[in-house]
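Residue-level listing of the chains:
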Amino acid sequence: MRGVLKKHAGGVLACLAGLILLCWSGAARAEPVDLQIDMQDDKVVLTFVWPTPVHVTHSQNGRELLLRADRALELQRPKLPLRLEDAWIAYISEGYDTVLIVATKAVRFDVTKRGRRVFITLIPRTDTAVADSEQTRSGTIRLEMLKAQMLSETGQRDEALQALNRLNDQYPDTPSILFRLANLEHDLARQRPAASFYRRALLHDPENEDIIEAYQKFRRARGARLTTNYLFIDLENAQVENRGRVTAQIPVHDNLRAGVIYELNHVDIDPTLTTDGSLTSFSGVRQRGAILLQYDTEAGSSIIGSLFANESEVGAGLRYDRPDAYGITTVFLDFQKPNWDYVVGIIEDGVRDRVSVRRTYQVGPRIHGNIAPAFYRYGVGDIRNAATSAGIEGSLRYRPALMWPLFLEYLIDAEYKTSANRRLDIDGNEFKPLPIISREVHVADVAFDKTFFDTLQLVAFGGAQRDRLGKAGPVFGARLHYETPKHFGVTLTFDQRPDPQNTDRIGREVGLNMFWMFNKFFEINIIISKRF
């Protein structure tokens, strides 16, 4: 085993180095932006000068102007004249790709752009009275929430959460603060605290449609759900499978959910080598299933216990999710989980043990991904230790500009065989009961992801895949998703790429997914796909 790991150590280290370098090099670097000030008797003109042409959006709320660019910025500001501070501007602050300008009196902000220059003119308003204490309170809340949003969008989500909690202590039972806390906790995958904040926000603002819609969507994801899947697999007529799968999710309590998975597979397989060394055809039915119980802690972590079974083996699993401000750490422990990755495993009830740690991360609004090293042990038939391996999966997604719906993606899927049981067939020839092979598959692609009219989403991607231990080939696909505001949704998918376990073969999959929502918290999914 040591020799195999040593042999592939260079490849593993290269993959890890590639992920780190891509993450480092992909991070958005702030561009210096000069600020020029032109004071006149009846107005003030602020000119922001970028090194290159820029796209900006802006919004005004009372005495505040929020200016957002399509890239990170670093403001090169001059010291504000005392006359300007007293008469016009309270302060100017920046955060990642956003500039906040707060005026000392009621003004109108006129924003124009020419090339790499953005001009902001402050003109006094005569139709607005001085804000009373309630307006001042609302302005303070908006300002602090804006600062928290800037922290969150620049990857400082822990600091954003602390800022919102301080604001909640200062202004308790404010629906907008509670709603923002709920959304941030939900983004951090801390579902139990998120549910508490959603309920408190609704208690103090029961007619708020945004809170109602967000809470219903949150409850729907965690509520009663029934999903049915049908998958047809036809591998050059040598292996034909008709897989049916039913998954049910039932909430037992606010912090406890139960689930059941049942899968039925009708297979027709041409003569293949089995564990006794003979060539065997198979036509029949195979079954597997699982029972799951999930508990969510007060701190936001979750623990999922599982019982697995196929027609001859029983196993168990444990999963632990621990979210934090920068991602989620997940630990997987599986023992004798039914495995159909190999044909002989379908015929003779294959199982797999797994020990894995996965880290999902987010670096600001542009970069996110995951990495998951793992160790596996396979069993098939009467062979408990048919093969062992070490593997790694990882992905990195980078968005060059927030204004563009384009993404650069890199993925790795590698498994290195460390041992394989060998036997003698009836003729005395040596063979491996489990035909495991090593692979190191790298994928690089460009993806387009755009939502139209809030109901239609189009995702398309294209790139290349290369197995360092095998062959290369093109990768492309698309997904079209349509969802009505309340009751129905449909998704069409297509994917083509070399088969990771056999790069000599091109794999294609088409799919149709439909769901119906019968009430606020009960959903049925039907998924039909074909792999060939």
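Located above this text is the structure these notes cover.
Residues numbered from 1 in each chain as written. Predicted model: local features only at pLDDT ≥ 70, side-chain atom pairs only at ≥ 80, totals over all residues. Heavy atoms only, no water.

## Focus on the overall build of the protein chain
Scanning the protein chain for helices and strands turns up eight helices and 28 strands. Split by element, the accessible area of the protein chain, about 27100 Å² in all, is 57% carbon and sulfur. (Helix = DSSP H or I, 4+ residues; strand = E, 2+ residues; numbered from the N terminus. Areas by Shrake-Rupley, 256 points an atom, 1.4 Å probe, with all protein chains shown as cover.)

## Brief notes about the sheet that holds strand β1 (residues 31-39)
Pairing is mixed in the open sheet, where five strands are placed in the order β5-β1-β2-β9-β8. Pairing within the sheet leaves two strands with one partner each, and these edge strands are β5 (73-76) and β8 (107-114). Put simply, the sheet's adjacent strands are angled 25 degrees from each other on average, direction ignored. (Pairing = 2+ DSSP bridges. Axes fitted to C-alpha atoms, helices over the stretch in contact; angles between N-to-C directions.)

## Quick word on the pattern of salt bridges
Any two side chains of opposite charge can pair, on the condition that their charged atoms come close. The tally for this structure, following the rule as stated, stands at 21 salt bridges. Residue E263 is joined to R288 by a salt bridge in which the shortest nitrogen-to-oxygen separation is 3.0 Å. In this pair, E263 is assigned in strand β12 (residues 256-273) and R288 in strand β13 (residues 279-296), connecting sequence segments 25 residues apart. An identical accessibility class is assigned to E263 and R288; each is buried. A salt bridge links R439 to E415; the nearest nitrogen and oxygen atoms lie 3.0 Å apart. You can see R439 sitting in strand β23 (residues 439-452) and its partner E415 sitting in strand β20 (residues 406-420), a full 24 residues away along the chain. (Salt bridge = Lys/Arg side-chain N within 4 Å of Asp/Glu carboxyl O. Buried < 20%, exposed > 50% of the residue type's maximum accessible area, 1.4 Å probe, protein only.)

## Focus on the nonpolar core
Core analysis: the largest hydrophobic core is formed by 26 residues, its most contacted members being I177 and Y198. Listed by contribution, the elements that provide at least two residues to this core are α3 (133-153), α4 (157-170), α5 (175-187), α6 (191-204) and α7 (209-222). Beyond its immediate sequence surroundings of up to four residues, Y198 is in contact with F179, A182, N183, H186, I211, A214, Y215 and F218. Counting residues in each nonpolar core, the second largest holds 24 residues, with L46, W88, I92 and F109 among its members. (Core = buried A, V, L, I, M, F, W, Y, C linked by side-chain atoms within 4.5 Å. Contact = heavy atoms within 4.5 Å.)

## Things to note about the packing of aromatic side chains
Counted by the stated rule, this structure contains seven aromatic pairs. Note on Y342 and Y378: the rings are 6.0 Å apart at their centroids and 85 degrees apart in plane angle, and the pair reads as edge-to-face. Highlighted residues: Y342 in the loop between β16 (327-338) and α8 (343-347) and Y378 in strand β18 (residues 367-380), separated in sequence by 36 residues. When sorted by exposure, Y342 lands in the same class as Y378, which is buried. For the pair Y376 and Y378, a centre-to-centre distance of 6.4 Å together with 40 degrees between the ring planes defines the contact as tilted. According to the relative accessible area criterion, Y378 is buried, its value standing at 2%. Taken together, the ring pairs connect F179, Y198, Y215 and F218 into an aromatic cluster. Residue placement shows R288 over the ring face of W340; its charged tip is 3.8 Å from the ring centre. Between the NZ or CZ atom of R397 and the centre of the ring of F407, over which it lies, the distance is 3.9 Å. (Phe/Tyr/Trp six-rings, centres within 6.5 Å; stacked < 30°, edge-to-face > 60°. Lys NZ or Arg CZ within 6 Å of the ring centre and 35° of its normal.)

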